[in-house]
Each structure stands twice: as C-alpha cells, then as structure tokens.
Amino acid sequence: MLQRISKRPESEHHQTGGGTSVRALMAVGSDRTVHQADALDVARGCAVRGWPVHPLAPGRKTPPANCQSCQESPHSPVDCPCIPAGRWCHGFHAATLDQDVITDWWRSTPGFGTGVACGPAGLVVIDVDSHTVPVPARDRILPGIPIHDGVALDGLENGFHTLALLAALRHAQDPASDAGTLRVRTPSGGLHIWYQDHTQRQFTCSTGSSNGRALAWQVDVRAHGGYIVAPGTVTAAGAYEALPGARTPSPLPQWLSEELVRTGHLKNRPGHQQVPQPTVPARGRQAVVAAGGGKHGAERVLCTVLQDVTDCATTPEGAGFTGKLNRAAYTVGGLVSAGHLTYTDAERLLLDAAHTARPAQDRHNSAVIRSGLAAGARQPLYVREARG
C-alpha cells in the first residue's frame, strides 16, 4: 500500500535582506500577500537575476491580449513589429531584460503580474498540481514505468504523491521537499520547483496532461517554449509565494535530467531522429478533397489553421490558444460555407486539433468551435485551386 504523503511542503514566513526588489521578488511578509504596488519591483528583480520577463494580465496567470492589429491579422511572433518596438504582444515571446522597457510596461498597467520566459532564462521548472480528480489508468501514473496490478494505489491522490513515488524509485530526494532550490507555492495548492540548466540541452515544456509528455501524473515541466509565474505575483486566486529555503534555483539534478530525457522533454535529442508529423490528419485532407478542394488551395488553408491550434500543445500557457482556435473555426466555417468540406468533418477536425493542444477543456473547446464556425459560415471562403 502506498503511504500518504504530505500534500505540500509546510509554509513558513521569514524576512529576507537586501533591497525592495529582492523583498518583493521573494514574496514574503507577515500578511502572506504582496501588494500590487510591488509588481514593478518583482519584474525588475527577476530581470536583475537574468530572467527575461513579460506581463501577465492583471489578476490572472496568463498574458494580456495582443494588440488589436495582431488580433485582426494573425502572424508569427517572429514577424511581429510590436516586439521590436517594445510592446508586449505574443506573451513570453516578448520577454525582455531591458529595465527601461519593463518600467514602461508596468507603469502603464500597475496591476500586471510577472511571467518569466523559461528558455532564455535557462530555467527548468517542475510544476506539481494538487487537483482533486480520479486517479488515471496505471500506465498514466508514471509514463513509461509499469505499475503492477498487485500494487495498491490507496492514498495516491495528486502530483505531490506521484513525484515522491518517482523520486523513491530513483533513490533520490523528493524535489517537493528540496529546500536547496527555489520552491514557489501556487494559489491552488500546487508547487513550482525551480532549477537552473545552463547546458547546451534544450528541455521543452510538457503538453499539458498528455500521457506521453508529463513527467508524472499531475507533474508537468516548464522550460523552452513556455513561461512560469514569478514569485511575488498576485492573481485573483492568491499569491505565488516562495517557500522557506533557497532563494535561487539550484542546478538541475542529474536524475531529473535523465527522467526528462526519458519522458521526451529533450529537444533534438542526440541520436534520436524526429519523425515528421503530418500537418493535418489524413482524414482531414480526404474530407477536403472529397468535397471538391485541392492540394494547393482549401487543403493548404485547412492545414495552416489546424497546425496553429495543435502547435499550442508545446506551450501549456501563454500561446493564445482560445484566440487561435476561434480564428481557425471562423476560417473553417468559411470553407464549409463555400462547399470545400462538410460541417460534420469540419467540427470533428477542429475538435481533434483542440483536444491535442488542450485535452482537459473539451467543453470549452466545443463552445469556441461552434461559435467560430457559425460566424465563419456567414462569410464563405472560396479558395482558388491550382490547375493540373
């Protein structure tokens, strides 16, 4: 039988030395909150540590919406004129160390929270959740590690337990109790465990709750291609508060590095050949062709918008997923109205793409898709097909 493990490390409050930026960054204080007046200090303090920052919408843990121009004309962050101009569009892609830019951003909107772009900062953050949900099938508890049917799962309830179990199997210290590195308690009762990795490796984010990419059940990874909420940030749900112990991330432990490689979090793994993936399911291409579309017209449009949605799978937060899904549904609605594919095929393809990127929010995805398809259907999208 599995022993019950403490839901989260015990929290204490103590004072730190140094200037205002450090005090704000570490999110300490007798009232267990950080006033929003300190938000600029939090952002500045992160940048001083070499962690590029970007704004989070006031009271939320997600970036603010892109500017109107970027919303109306979707494009890659690489091609966006806003970022070179010092504007914060595209979430973590706009992250900066420039103190003047940071000051302008937070003074324009004092309620901004602070996000840290993990990749440029050389950070690998273990994101432990404590959600009250049913325990999944045994092959999802520790991806790639079989758990025999004879092993009782009594007491297994959340990510704190699965991370402790993984550490025990590797004869290593439970990262959740590792006071030697920065640990940040989240408002929902979870934990962010910060590590530094300045090697040439590029660890990537988990794809939400995907079976094959989580480190363990309810344990995800924030690294290249994503961001983490800075300690000291306050949302409507509460504060992200540093726990007693180290105030800086320690080097990523070797055993965790090996687990990240094993669970597929290493980008461009040496000796591992990436298998090209189709940009859209075969049934999607077949549906377009059967309805009269062609390889160089409607199919190309369909592939592009579906790929924009599925690409969000590599970024758990901050990818503008809902906006991309809405734009995809609107575009596909126009294809349906123009006769390039049926409504049934369109809805199924969009649902599949949305589930790939955000598998835990199917109901939300469905509502966005229905609304977008209905709006797009009022503007038929006739695509010129290539002549054979």
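Side note on the overall build of the protein chain
Check the secondary structure of the protein chain and you find 13 helices and eleven strands. Scored against the burial criterion, the 388 residues of the protein chain give a buried share of 48%. Long-range contacts, defined here as pairs at least 24 residues apart, represent 73% of the contacts in the protein chain between residues at least 6 apart. Put simply, the protein chain shows about 18,400 Å² of open surface, and 52% of that area lies on carbon and sulfur atoms.

Side note on the pairing of strand E2 (residues 113–117)
Counting buried residues in E2 gives five out of five residues, a clear majority hidden from the surface. What you see with E2 is no split at all: Gly113, Gly115 and Ala117 on one side and Thr114 and Val116 on the other are buried throughout. Across four bridges, strand E1 (residues 53–56) lies against E2 in antiparallel orientation. Bridge pairing in E2 places Leu56 opposite Gly113.

A look at the sheet that holds E2
The strand order across the open sheet built from three strands is E1-E2-E7, with neighbouring strands paired in antiparallel fashion. Looking at the sheet topology across the chains shown, the edges are occupied by E1 and strand E7 (227–229). Between one strand axis and the next, the sheet turns through 35 degrees on average, direction left out of account. Alignment of E2 against E7, held across three bridges, turns out to be antiparallel. Bridging across to E7, Val116 finds its partner in Ile228. Across the sheet, helix H2 (residues 39–48) lies against E1 and E2, angled at about 15 degrees from E2, the strand it touches most.

Describing the pattern of salt bridges
In total, this model carries seven salt bridges according to the counting rule given. Notably, a salt bridge pairs Arg138 with Asp149, separated by 3.7 Å at the nearest N-O pair. You can see Arg138 sitting in helix H6 (residues 138–141) and its partner Asp149 sitting in the loop between H6 and helix H7 (159–169), a full eleven residues away along the chain. Here Arg348 ties to Asp345 by a salt bridge, and the two come within 3.1 Å at their closest N and O atoms. Of this pair, Arg348 and Asp345 both sit in helix H12 (residues 343–357), three residues apart, which is roughly one turn of the helix. Judged by its relative accessible area of 17%, Asp345 falls in the buried class. Among the charged side chains, a network of salt bridges with common partners joins Arg170, Glu259 and Arg262.

Points about the side chain of His265
Tracing the sequence through the fold places His265 in the loop between helix H8 (254–262) and helix H9 (282–290). At a separation of 2.7 Å, a polar atom in the side chain of His265 contacts the side chain of Ser206. Here Thr263 takes part through its side chain, which lies 2.9 Å from a polar atom of the side chain of His265.

The rules behind each value
Residues numbered from 1 in each chain as written. Predicted model: local features only at pLDDT ≥ 70, side-chain atom pairs only at ≥ 80, totals over all residues. Heavy atoms only, no water. Helix = DSSP H or I, 4+ residues; strand = E, 2+ residues; numbered from the N terminus. Buried < 20%, exposed > 50% of the residue type's maximum accessible area, 1.4 Å probe, protein only. Contact = heavy atoms within 4.5 Å. Areas by Shrake-Rupley, 256 points an atom, 1.4 Å probe, with all protein chains shown as cover. Pairing = 2+ DSSP bridges. Axes fitted to C-alpha atoms, helices over the stretch in contact; angles between N-to-C directions. Salt bridge = Lys/Arg side-chain N within 4 Å of Asp/Glu carboxyl O. Polar contact = N/O pair within 3.5 Å; in protein donor to acceptor, adjacent residues only side chain to side chain.

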